[in-house]
Each structure stands twice: as C-alpha cells, then as structure tokens.
Amino acid sequence: MKKLFSKENLTAYAGLGLGSVAATLVEEKLVDTYVPETVGADVKSIIKGLTPIIAGVFTPTLIQGNFGQSLGDGMIAAGAASLTRYAIKKASPSFANTLGIQGDVMLSGMDDMPMMSSQPLMGNAGVDNFSGSSYDFTSSAAGEMDF
C-alpha cells in the first residue's frame, strides 16, 4: 500500500489525468479549428480520435521522464476511447444507446419518437384558455409561484 502512493506513482497518475485533459483540448479546439467542415462528420470523428494518439506518441520526446511518458499515455488512452466510442456508434447504434454513448445530448433519440401533434399540450383543442381579458395570470393555473 505504501508503494501505491509513492512520488513516482502519484506523478504517473497526474500525468495520465492531465494527458486525458490535454487530449480533450486537442480534440475539441485543434481539430474543430483546423479541420474544415467539408470533410464530413465521420472523417472528423476519426481525426478527433487519431490526433491525440499521434500527439501522445510524440509527447515523451518533448517532455522527458516518467511524467512525459504518463502524459503521452493519457493522451493515447483518451484518443483510443474516442475512436472506440465512434466505432461502437457506427457498428451498433442500439448497443451504443444501451451503453449511453449514442448521442451528444441527453434526449438525442427523441427525433424518431412519434409525437401526437394533433393533441394539445393542455386544455381543449382549438380553445384558448389563457388569453382572455378576464384570465388571472397570477393564479396557480398560470404556472406562477404563490407569493
């Protein structure tokens, strides 16, 4: 247990974490800035995964020692995770949805759900319950808070 928290191990853990953060910065800032939109979403996703891997391979040559190696390893791991997420999404969207990696937003699968557009959200269809001159907008039915 004592070796688990040694200076060398703590430095390696910090390098892995910072490498992962650096990979995210490379993916989001560098690739989004310099890769044109014309390449397509699939190619851009692959480039986003490969860029931190390539940067992680060369990081130990720029930053010597165990910290540079750990930093590069974190970047490689984050890039590999990005490519794996992309591959799972392409190979099996239903499995990706089960894993929770299908979309970038929480309700991304809502586009395919049938909506009952002919039904009103509340009240009767064709009847405007809330814009009459005698309607009290301060009532609880209007959604206002009671003060």
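All figures in this text were calculated on a predicted structure; none of them were measured in a lab. (Residues numbered from 1 in each chain as written. Predicted model: local features only at pLDDT ≥ 70, side-chain atom pairs only at ≥ 80, totals over all residues. Heavy atoms only, no water.)

1. A look at helix α1 (residues 7–34)
Step number 1: Taking 1.5 Å per residue as the helical rise, α1 with its 28 residues ought to reach 40 Å, and the 38 Å between its terminal C-alpha atoms agrees with that figure.
Step number 2: At Val 26, α1 shows its maximal kink, close to 25°.
Step number 3: All buried positions along α1 are accounted for by Gly 15, Gly 19, Ala 23, Val 26, Glu 27 and Val 31.
Step number 4: Where α1 is buried, its residues meet α2 (41–62) and α3 (66–91). (Helix = DSSP H or I, 4+ residues; strand = E, 2+ residues; numbered from the N terminus. Expected span 1.5 Å × (residues − 1). Bend = angle between axes of the 7 residues up to and from the residue. Buried < 20%, exposed > 50% of the residue type's maximum accessible area, 1.4 Å probe, protein only. Contact = heavy atoms within 4.5 Å.)

2. With respect to the environment of Ala 81
Step number 1: Mapped onto the elements of the fold, Ala 81 is located in helix α3.
Step number 2: Here the alpha-carbon distance between Ala 81 and Gly 49, two residues 32 residues apart in the chain, equals 7.8 Å.

3. Observations concerning the pattern of salt bridges
Step number 1: For the structure on display, the rule yields 5 salt bridges.
Step number 2: In this structure, Glu 28 and Lys 48 form a salt bridge, with 3.8 Å as the shortest nitrogen-oxygen distance. In this pair, Glu 28 is assigned in helix α1 and Lys 48 in helix α2, connecting sequence segments 20 residues apart.
Step number 3: Residue Lys 48 is classed as buried on the basis of its relative accessible area of 19%.
Step number 4: The shortest N-O distance in the salt bridge between Asp 42 and Lys 90 comes to 3.3 Å. Residue Asp 42 is located in helix α2, and its partner Lys 90 is located in helix α3; the two are separated by 48 residues in the primary sequence.
Step number 5: With relative accessibility at 37%, the residue Asp 42 sits in the partly exposed group.
Step number 6: Several salt bridges share partner residues, and in doing so they unite Glu 28, Asp 32, Glu 37, Lys 44 and Lys 48 into one network. (Salt bridge = Lys/Arg side-chain N within 4 Å of Asp/Glu carboxyl O.)

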